[in-house]
Amino acid sequence: MSKFTGQSAIVTGAGGGMGLAIAADLASRGAQVVGVDQKEVPDDFPENATYLRGDVSDPDLAPTAAAAALKASANGNVDFLVNAAGVAWFNDPGLPKPPLLDGSIVNIDLDAWKRVLDINLTGPMLFSRAVLPIMLEHRAGSIVHIASIAGLRLADGALDAYQVSKAGLISLSRAIAAQYGPMGVRSNTVCPGAIATPMIAGIYENDPAREDSMALRVPLRRVGTTDDVCAAVTYLLSDASSFVTGTDLVVDGGWLTNMG
């Protein structure tokens, strides 16, 4: 696995969950990280990294993050982009009530549909658009988008906006890979299954039987961790995957094998 010292990385969704774990992991490997999120900077955000607050669907935010990453870079490039910002708004009594509710297209609130796509799909497009000209100038760069197995198979229950956004993100990644691979830029997705992010982990702590039930659906018989996702992201960013682009790395413990 290559070192990341002196290379710059933008990580969206860095205010918590998988995004924060990815930002911390890259910073620990020597990367100059610019984290982006609407939330306030978390207490455990890396001290040697930059944090920008804002909405990823704001067209002005991505160029600002790219400029910050360029300033921190030792080689004049934005070497890496990880589009980890995302939302899934479903009605679960064990979770905080979402600001809007996803569901079936026949009854989903139109504002929920628009907002989920803004964050999960338009945001990654804007950040990719901001860094691609820089990467192309250097004929080098790696982009990883955090999608979901829901973008590859039908999700449990009706989460149409989420599912469409993640399927669209997978398609966007493949389009970037096909168009810009000849100029040295790679684009891949990581498609997690059931991952114990800090928010979900609290539910499992309060109801261990629920985690056991989820684990029984997974051939590896456990729920995934943010470390599992970080390992996949690190691989796809690194030189170890230099001949990998346009692919979707599923990190689900084999759950898809049971989904038909």
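Everything in this summary refers to the structure shown in the same document. Remember, it's a predicted structure, so these values are computed and weren't measured experimentally.

What counts, and at which threshold
- Residues numbered from 1 in each chain as written.
- Predicted model: local features only at pLDDT ≥ 70, side-chain atom pairs only at ≥ 80, totals over all residues.
- Heavy atoms only, no water.
- Pairing = 2+ DSSP bridges.
- Helix = DSSP H or I, 4+ residues; strand = E, 2+ residues; numbered from the N terminus.
- Axes fitted to C-alpha atoms, helices over the stretch in contact; angles between N-to-C directions.
- Core = buried A, V, L, I, M, F, W, Y, C linked by side-chain atoms within 4.5 Å.
- Buried < 20%, exposed > 50% of the residue type's maximum accessible area, 1.4 Å probe, protein only.
- Contact = heavy atoms within 4.5 Å.
- Parallel < 35°, antiparallel > 145°, perpendicular 65-115°, else oblique.
- Left-handed = near helix turned anticlockwise from the far one by under 90°.
- Nonpolar A, V, L, I, M, F, W, Y, C, P; charged D, E, K, R; others polar.
- Phe/Tyr/Trp six-rings, centres within 6.5 Å; stacked < 30°, edge-to-face > 60°.
- 1 Å grid on protein atoms, 1.4 Å probe; cavity = no way out; pocket = protein on both sides within 12 Å on 5 of 7 lines; lining within 4 Å.
- Points joined across faces, edges and corners; volume = space filled by probe spheres on them.

**Here we look at the sheet that holds strand β2 (residues 32–37)**
The strand order across the open sheet built from seven strands is β3-β2-β1-β4-β5-β6-β7, with neighbouring strands paired in parallel fashion. A strand with exactly one partner marks an edge of an open sheet, and here the two such strands are β3 (50–53) and β7 (248–251). Ignoring strand direction, the axes of neighbouring strands in this sheet form an average angle of 15°. In this structure, strand β5 (residues 141–146) lies alongside strand β6 (residues 185–192), joined through six bridges in parallel fashion.

**As for the nonpolar core**
Residues I10, V36, F127, V131 and I143 are the most contacted members of the largest nonpolar core, which totals 47 residues. Residue assignment for this core shows that the elements contributing at least two residues are β2, α2 (61–72), α3 (110–138), α4 (160–180), β6 and α5 (198–206). Tallying contributions element by element places α3 first for this core, with eleven residues. Look past the residues within four positions of I10 in its chain and what remains in contact with it is V34, V36, A65, A66, A69, V78, F80, L81, V82, F127 and V131.

**Details of the environment of P98**
Among the secondary structure elements, P98 is positioned in the loop between β4 (80–83) and α3. Separated by ten residues in sequence, P98 and A88 have C-alpha atoms that sit 8.7 Å apart. Residues contacting P98, with those up to four places away along its chain left out, are W89 and F90.

**Considerations on the packing of α2 against α3**
Close contact between α2 and α3 brings their axes to 8 Å; oriented N to C, the two are set at 40°. As summarised for this structure, α2 and α3 are arranged oblique, according to the angle between their axes. Helix-helix and strand crossings are classified by hand; for α2 and α3 the assignment is right-handed. Every residue of α3 that contacts α2 at L61, A62, P63, A65, A66 and L70 is listed here: L126, F127, A130, V131 and I134. Of the residues belonging to the contact of α2 with α3, the class tally is eleven nonpolar, no polar and no charged.

**Describing the packing of aromatic side chains**
For any pair of aromatic rings, geometry is given as the distance between the ring centres together with the angle between the planes. Scanning all chains against the criterion turns up two aromatic pairs. Both rings, one in F4 and one in F80, keep their centres 5.2 Å apart while their planes meet at 70°; by these two values the pair is edge-to-face. Taken together, the residues span a long stretch of sequence, with F4 in the segment before β1 (8–12) and F80 in strand β4 at a distance of 76 residues. Residues F45 and Y51 carry aromatic rings whose centres are separated by 4.9 Å and whose planes lie at 75° to one another, so their mutual orientation is edge-to-face. As far as burial versus exposure is concerned, F45 and Y51 are alike and both buried.

**Some words on the layout of surface pockets**
Once rolled over the atoms, a probe with the size of a water molecule shows which space is left empty. In this structure, the second largest pocket occupies an estimated 190 Å³ of space. Lining the second largest pocket are 16 residues, with F80, A140, G141, L237 and D239 positioned closest to its centre. Of the residues contributing to the lining of the second largest pocket, the split by class is four nonpolar, eight polar and four charged.

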